[in-house]
Amino acid sequence: MENLNDYKEMLLDTDYLEREANHLLCGDYGEDIYLQAKSVLKSRMNKVAWISQRMAEIIFNLSSQQARKVYLSLSSDEQEKADKVLTDLIAEY
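Residues numbered from 1 in each chain as written. Predicted model: local features only at pLDDT ≥ 70, side-chain atom pairs only at ≥ 80, totals over all residues. Heavy atoms only, no water.

1. Some details on the overall build of the chain
Right, so step 1: Broken down by element type, the chain carries 6 helices and 0 strands.
Right, so step 2: Helices and strands in the chain line up, N terminus first, as α-α-α-α-α-α.
Right, so step 3: In summary, the chain has a C-alpha radius of gyration of 12 Å against a globular reference of 12 Å for 93 residues, a match within 12%.
Right, so step 4: C-alpha atoms of the chain, sized along the principal axes, occupy 30 × 25 × 25 Å. (Helix = DSSP H or I, 4+ residues; strand = E, 2+ residues; numbered from the N terminus. Rg over C-alpha atoms; globule rule 2.2 N^0.38 Å.)

Here it is in structure tokens:
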């Protein structure tokens with residue numbers, strides 16, 4: 001339960017979210033994740049969802065279903081803020 005709350009806090013803290021997403025996209029979580037991220041960024045996949053779920057998995061040891069549940073528990077404004085942080089960061093890559 002604590003990991004769910006920690007993940008939610010990250011989604012609500014735009015600086016923390018951007019910093020961790022940047023680590024993921026730069027390869028700080030290993031070559032395997034880095035190569036997956038490069039592939040996803042070139043694809044038509046939902047990049048924001050993929051990045052969010054990988055961070056939940058890597059940092060907080062959550063499943064994609066748990067990550068989705070936490071995301072859906074946010075208000076629409078909170079979801080939009082988190083999405084915007086990740087969308088803007090993705091545009092830099």
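2. Re the pattern of salt bridges
Right, so step 1: A complete count under the given rule lists 2 salt bridges for this structure.
Right, so step 2: Between glutamate 57 and arginine 54 there is a salt bridge, with its nearest N and O atoms 3.2 Å apart. Here glutamate 57 and its partner arginine 54 are both found in helix H4 (residues 47-60), 3 residues apart, which amounts to about one turn of the helix.
Right, so step 3: Assessed through its relative accessible area of 13%, arginine 54 is described here as buried. (Salt bridge = Lys/Arg side-chain N within 4 Å of Asp/Glu carboxyl O. Buried < 20%, exposed > 50% of the residue type's maximum accessible area, 1.4 Å probe, protein only.)

3. Digging into a negative patch on the surface
Right, so step 1: On the surface, Glu9, Asp13, Asp15, Glu18 and Glu92 cluster together into a negatively charged patch.
Right, so step 2: Looking at where glutamate 92 falls in the secondary structure, it is placed in helix H6 (residues 76-92).
Right, so step 3: The class of glutamate 92 is exposed, set by a relative accessible area of 60%. (Patch = residues over 30% accessible without salt bridge, like charges linked within 9 Å, V, L, I, M, F, W, Y side chains within 5 Å. Areas by Shrake-Rupley, 256 points an atom, 1.4 Å probe, with all protein chains shown as cover. Lys, Arg positive; Asp, Glu negative; His and termini not counted. Charge placed at Lys NZ, Arg CZ, Asp CG, Glu CD.)

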